[in-house]
Amino acid sequence: MKLTIERAALLKALGRVQSVVERRNTIPILANVLISASDGQVAFSATDLDMEITDRRPAKVESPGQITAHAHTLYDITRELPDGADVSLDDTGADPRLEVRAGRSRFNLRVLPAGDFPVMSPDGLSDPIAIPTADLIRLIDKTRFAMSTEETRYFLNGLYLHKVVEDGLRKLRSVGTDGLRLALAETSSPEGFPEARGVIVPRKTITEARRLLDDAGASVGLSVSAQKIRFAFDQGALTSKVIDGAFPAYAGVVPRNNTRVMTLDNALFTAAVRRVAAISTEQVRAVQMSIDANHMTLSVRNMDAGQAVEELEVDYGGEPFEIGFNARYLLDATAQIDGQIAQFRFAGPRDPALLLDPADPGVQYVLGSMRV
């Protein structure tokens, strides 16, 4: 294999794929990137056995072929090369190493056979369905903060992506929960999206897909199966295993009869929560909300640091009551409100509350209450 590629294109491609490679690897081939050159382009692939990212770039290919080299080393070398340089990748010599040349710089990297590289097969995946990139970004951004990080509840360590039909409308929905809070976002389901059961997309896959979406075109091709999901971009793809488990029946958790409605300025409320939570601790994160007619008092009590209290004007006309929430959970949810106004819907002091964004009816946040 021998090819020449612009340094900017090489850096972009390696930057997109090398993040999937773990820094510490007990299997040597998994530390490498697969380089495949043919027909005026070169493809770079990296995997951790659960996820594979591939990126294609135009190149001047003198001799087609495949080889693998250490992903992070090749990326670090490319970063240090001068802007505008043409980079030569060559393993056609007698020395079984990959020679990297740019100007007066030359590097020789150890390689492993391309045949040893584990390629993730696309078998079983549905035909790709085009989804607007902005819609997919929204589904991820509005829900990923609620994913669980507890490995014992592995089926909550991702986003549940699935299709629903409500009032005759087909919707693509993303749900994340850690058992204490829930985030839900939905958008119109594209035509042809498979009717199969939903898939739980792992947290690492969500993180990598979201990073790649920043450079995606207007739409992304989404393919799913019972075992895998694939995001196809203009110049590459991310293919990943999905979590083998059953996502909880979350519909019954979303409150439907919370009749106490309170609206407020989201920015003022968020700033107030941050201030009173400043004296809280990791052990005591509860913020108490005392709600009366058009008035709310936020308070935090810390036996060691003292007490914080702040008052806010709200739009509320119901009976007075008090309720407590985890401060971080409140802030995570209010950070997703796009409009100026946030709406809370309460049932009782010990019941979950519903947080809505009037500017985006397609999102809902469920917050479990806590004793203060």
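See the structure above.
Keep in mind that this is a model prediction, so the values were computed, not measured. Here, residues in each chain are numbered from 1, in the same order as that chain's written sequence. Residue-level local features of this predicted model are given only where pLDDT is at least 70; pairs of side-chain atoms are given and counted only at 80 or more, and the full residue set underlies all totals for whole chains, interfaces and linings. As a rule here, side-chain values come from all non-hydrogen atoms in the structure, and water together with hydrogens is ignored.

> How should the nonpolar core be read in this particular structure?
When a protein is soluble and globular, its nonpolar side chains tend to lie buried together. With 96 residues, the main nonpolar core has Phe44 and Met289 as its most contacted residues. Should any heavy atoms of two residues lie within 4.5 Å, those residues are counted as being in contact. Aside from chain neighbours lying at most four places away, what touches Phe44 is Ile5, Leu10, Ala13, Leu14, Val17, Val33, Leu34, Ile35, Ile53, Thr54, Asp55 and Leu89. Among buried residues, the Ala, Val, Leu, Ile, Met, Phe, Trp, Tyr and Cys ones that are joined through side-chain atoms within 4.5 Å form a nonpolar core. Using a 1.4 Å probe on the protein chains alone, a residue whose accessible area is under 20% of its type maximum counts as buried, one over 50% counts as exposed, and one in between counts as partly exposed. Grouped together as the second largest cluster of nonpolar side chains are 14 residues, Val164, Ile243, Tyr250 and Leu356 included.

> Just to check I follow, could you spell out empty space enclosed by the protein for this structure?
Here the idea is plain: a probe the size of a water molecule rolls over the atoms and shows the empty space left. Any residue with an atom within 4 Å of a point lines the site, the site being either a cavity, points on a 1 Å grid over the protein atoms alone where a 1.4 Å probe fits but cannot get out, or a pocket, an open set with protein on both sides within 12 Å along at least 5 of 7 lines. Grid points are joined across faces, edges and corners, and a volume is the space filled by probe spheres set on the points. Counted according to the given criterion, the structure contains three cavities of 30 Å³ or more. Of the voids in this model, the largest cavity is the one considered here, and its volume is about 70 Å³. What lines the largest cavity is simply Leu136, Leu139, Ile140, Leu159, Leu161, Ser174, Val201, Ile206 and Phe231. Strands here are runs of E lasting at least two residues and helices are runs of H or I lasting at least four, both read from the DSSP assignment and numbered beginning at the N terminus. Looking at the lining of the largest cavity, the elements that each hand over two or more residues are helix H3 (133-141) and strand S11 (158-166). Counting residues per element, the lining of the largest cavity draws most heavily on H3, at three residues.

> Sorry if this is basic, but what is going on with the packing of aromatic side chains here?
Aromatic rings considered in pairs are described by the distance between their centres and by the relative angle of their planes. Only Phe, Tyr and Trp rings are paired, with Trp represented by its six-membered ring, and only when their centres lie within 6.5 Å; those with planes under 30 degrees apart are stacked, over 60 edge-to-face, the remainder tilted. Under the counting rule described, the total for this entry stands at ten aromatic pairs. Their ring planes at 65° and their centres at 6.1 Å tell us that Tyr316 and Phe321 sit as a pair that is edge-to-face. In this structure, Tyr316 and Phe321 share a single accessibility class: buried. With a centroid separation of 5.1 Å and 65° between ring planes, the pair formed by Phe321 and Phe346 is classed as edge-to-face. Linking Phe321 in strand S22 (residues 321-326) with Phe346 in strand S23 (residues 341-346), this pair joins segments that are 25 residues apart in sequence. Of the two residues examined, Phe321 and Phe346, each falls in the buried class. Ring pairing ties together the aromatic residues Phe269, Tyr316, Phe321, Phe325, Phe344 and Phe346, which thus form one cluster. The ring of Phe233 has Arg16 lying over it, and the distance from NZ or CZ to the ring centre is 5.9 Å. Note on geometry: a ring has a charge over it if NZ (lysine) or CZ (arginine) is within 6 Å of the ring centre and within 35 degrees of the ring normal.

> What am I meant to see in unusual backbone geometry here?
For Asp39, which is not glycine, the phi dihedral falls at a positive 50°. With respect to the element layout, Asp39 can be found in the loop between strand S2 (32-38) and strand S3 (41-47). Looking at Asp39, the relative accessible area reads 77%, which means it is exposed. Of note, the phi angle at Leu49 is positive, near 80°, even though the residue is not glycine.

> Teacher, can you tell me more about the sheet that holds strand S21 (residues 306-313) here?
The strands making up a sheet are joined through hydrogen bonds of the backbone, oriented either antiparallel or parallel. One open sheet holds the four strands; their spatial order is S21-S20-S19-S22, and the pairing between them is antiparallel. If you trace the sheet from one side to the other, it starts and ends with S21 and S22, each paired once. On average, each strand axis in the sheet is tilted by 20° relative to the strand beside it, whichever way the strands run. Sheet topology note: the strand S20 (residues 295-302)/S21 ladder contains eight bridges and is antiparallel. Should DSSP find at least two bridges between two strands, the strands are regarded as paired. The convention used is that axes are lines fitted to C-alpha atoms, helices contributing only their stretch in contact, and that angles between N-to-C directions extend from 0 to 180 degrees.

> Is there a simple way to explain the packing of helix H5 (residues 266-276) against helix H6 (residues 327-334) in this structure?
Between two packed helices, both the angle of their axes relative to each other and the distance between the axes serve to describe the pair. Running from N to C, H5 and H6 cross one another at 155°; their axes reach a closest spacing of 10 Å. Relative to H6, the element H5 is oriented roughly antiparallel. For the pair H5 and H6, the sense of crossing is left-handed. Only Ala327, Leu330, Leu331 and Thr334 of H6 make contact with H5, whose side of the interface consists of Asn266, Phe269, Thr270, Val273 and Arg274. In this count, Pro and Cys sit with the nonpolar residues alongside Ala, Val, Leu, Ile, Met, Phe, Trp and Tyr, while Asp, Glu, Lys and Arg are called charged and the others, Gly among them, polar. Classifying every residue of the contact of H5 with H6 gives five nonpolar, three polar and one charged. An angle below 35 degrees is read as roughly parallel, one above 145 as roughly antiparallel, one from 65 to 115 as roughly perpendicular, and any other as oblique. Two helices cross in a left-handed way if the nearer one is turned anticlockwise from the farther one by less than a right angle. They cross in a right-handed way if the turn is clockwise.

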